[in-house]
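In case you want the letters, here they are:
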Amino acid sequence: MPDFPRKAWFYIVGIILSGAGLAAWQLWGLELSRSFLLAWILLAFLDIACELYEVEIIHGHRTSAAIAVGAGAVLVGGTKLGLLVVLTGTLLAEILLRKKLWRKDPTKYLAVVGFNVAQLLISIMIGGIVFQSLGGKPPPYTSIVDFLRAFLLFGIFVTSNAAIVSGVVHFSRGVNYWTHLKEILQARYVQIFSLGILAILIALIYALSPWYMILMLSPLFIVQISLREH
């Protein structure tokens, strides 16, 4: 990772503080029911698995499906559930993934982990607020409008996330902000569409039975065990 210039550090710290502040504001005084706890635990485990084991939707381009889990969590239990899933699942995965960076530069390690989690928290907030303001609700869905709202949630989530990432690239590397944002969205439109469908599927499957989520986790672990054996 390149050394961050001063502007980039200000931007990164601002994003981290904003994400932490929004999460604290939303989660303060949260009451945890049994159903909410179950959703939180299952989706957090799925989020960790998707962060650690990326998928290759397009040949040569690996991507994390965790963003679909975050959006799916909002569809299942609202913005608060989405924030908790990201705050626990993504945070733990980032801590594990960046261990080598910790040994090299602890300050940069904290900045990278904090930024990667905070950007998702902010994106969850933006998407969740719009989704709820439009009358979005958990599955089962009975009309095309319900599915359009769900797709809109994911679209806002991804766009917000890409916009935040483009900001740090702009300040750290001097790349034009709008050009980079456009390139992200254009280069990954297949992944975005596929992950949007996955987010809705996660919510639909969870509505059928929370324990069906185990079926979504199983292939990831089977593949990893197979790779290790070879």
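Residues numbered from 1 in each chain as written. Predicted model: local features only at pLDDT ≥ 70, side-chain atom pairs only at ≥ 80, totals over all residues. Heavy atoms only, no water.

J.: Can you lay out the pattern of salt bridges for me, pointing to particular residues and giving the numbers?
T.: Under the defined criterion, the tally for this structure stands at 2 salt bridges. We note a salt bridge from R98 to E94, for which the minimum N-O separation is 2.9 Å. What makes R98 partly exposed here is its relative accessible area of 28%. Where R149 meets D146, a salt bridge forms, and the shortest distance between an N and an O atom there is 3.0 Å. Of this pair, R149 and D146 both sit in helix α7 (residues 144-173), 3 residues apart, which is roughly one turn of that helix. According to the relative accessible area criterion, R149 is partly exposed, its value standing at 21%. When its relative accessible area of 4% is taken as the criterion, D146 is described as buried. (Salt bridge = Lys/Arg side-chain N within 4 Å of Asp/Glu carboxyl O. Buried < 20%, exposed > 50% of the residue type's maximum accessible area, 1.4 Å probe, protein only. Helix = DSSP H or I, 4+ residues; strand = E, 2+ residues; numbered from the N terminus.)

J.: Can you explain helix α3 (residues 66-77)? Please cite residues and give values.
T.: For an α-helix, 3.6 residues make a turn, and residues three or four places apart therefore share a direction. Under the 1.5 Å per step criterion, the end-to-end length of α3 is 16 Å for 12 residues, consistent within 8% with the ideal 16 Å. Judged by how many residues are buried, α3 sits mostly within the fold: 11 of 12 residues are covered. Along its buried surface, α3 packs onto α2 (34-52), α4 (79-97), α6 (106-133), α7 and α9 (189-208). Immediately downstream of α3, the backbone of G78 shows phi near 90°, a positive value. (Expected span 1.5 Å × (residues − 1). Contact = heavy atoms within 4.5 Å.)

J.: Just give me the short version of the nonpolar core, but keep the residues and values in it.
T.: Core analysis: the biggest nonpolar cluster contains 44 residues, and L43, V69, L75, L81, V85, F154 and M213 have the highest contact counts within it. Examining the composition of this core, we find that 9 residues originate from one element, α3, more than from any other. With residues up to four places along the chain from it excluded, the contact list for V69 reads L43, L46, D47, C50, V85 and I202. Counting 12 residues, the second-largest nonpolar core is a separate cluster that includes I12, I15, F115 and I122. (Core = buried A, V, L, I, M, F, W, Y, C linked by side-chain atoms within 4.5 Å.)

J.: Describe the packing of aromatic side chains, and please don't skip the residues or the numbers.
T.: Geometry of an aromatic ring pair is reported as the spacing of the ring centres plus the angle between the planes. For the structure on display, the rule yields 6 aromatic pairs. Between F151 and F193 the ring centres are 6.2 Å apart and the planes differ by 10°, which places this aromatic pair in the stacked class. Taken together, the positions of F151 in helix α7 and F193 in helix α9 put the pair 42 residues apart, joining distant regions of the chain. Of the residues examined, F151 reaches a relative accessible area of 32% and is grouped as partly exposed. By the ring-pair criterion, three or more aromatic residues cluster together here, those being Y11, F115 and F171. (Phe/Tyr/Trp six-rings, centres within 6.5 Å; stacked < 30°, edge-to-face > 60°.)

J.: Residue-level account of a nonpolar patch on the surface, with values.
T.: There is a patch of nonpolar side chains on the surface, built from L32, L37, I41 and F45 and spanning about 360 Å² of accessible area. Following the sequence through the fold, L37 ends up in helix α2. (Patch = residues over 30% accessible without salt bridge, like charges linked within 9 Å, V, L, I, M, F, W, Y side chains within 5 Å. Areas by Shrake-Rupley, 256 points an atom, 1.4 Å probe, with all protein chains shown as cover.)

J.: Tell me what's going on with the confidence of the model for the protein chain, and back it up with residues and numbers.
T.: On average, residues of the protein chain score 85 in pLDDT, and 87% of them reach the 70 mark or higher. Across residues 57-61, where pLDDT falls below 50, the model places 10 contacts with residues more than four positions away in sequence or in other chains. (pLDDT = per-residue confidence, 0-100.)

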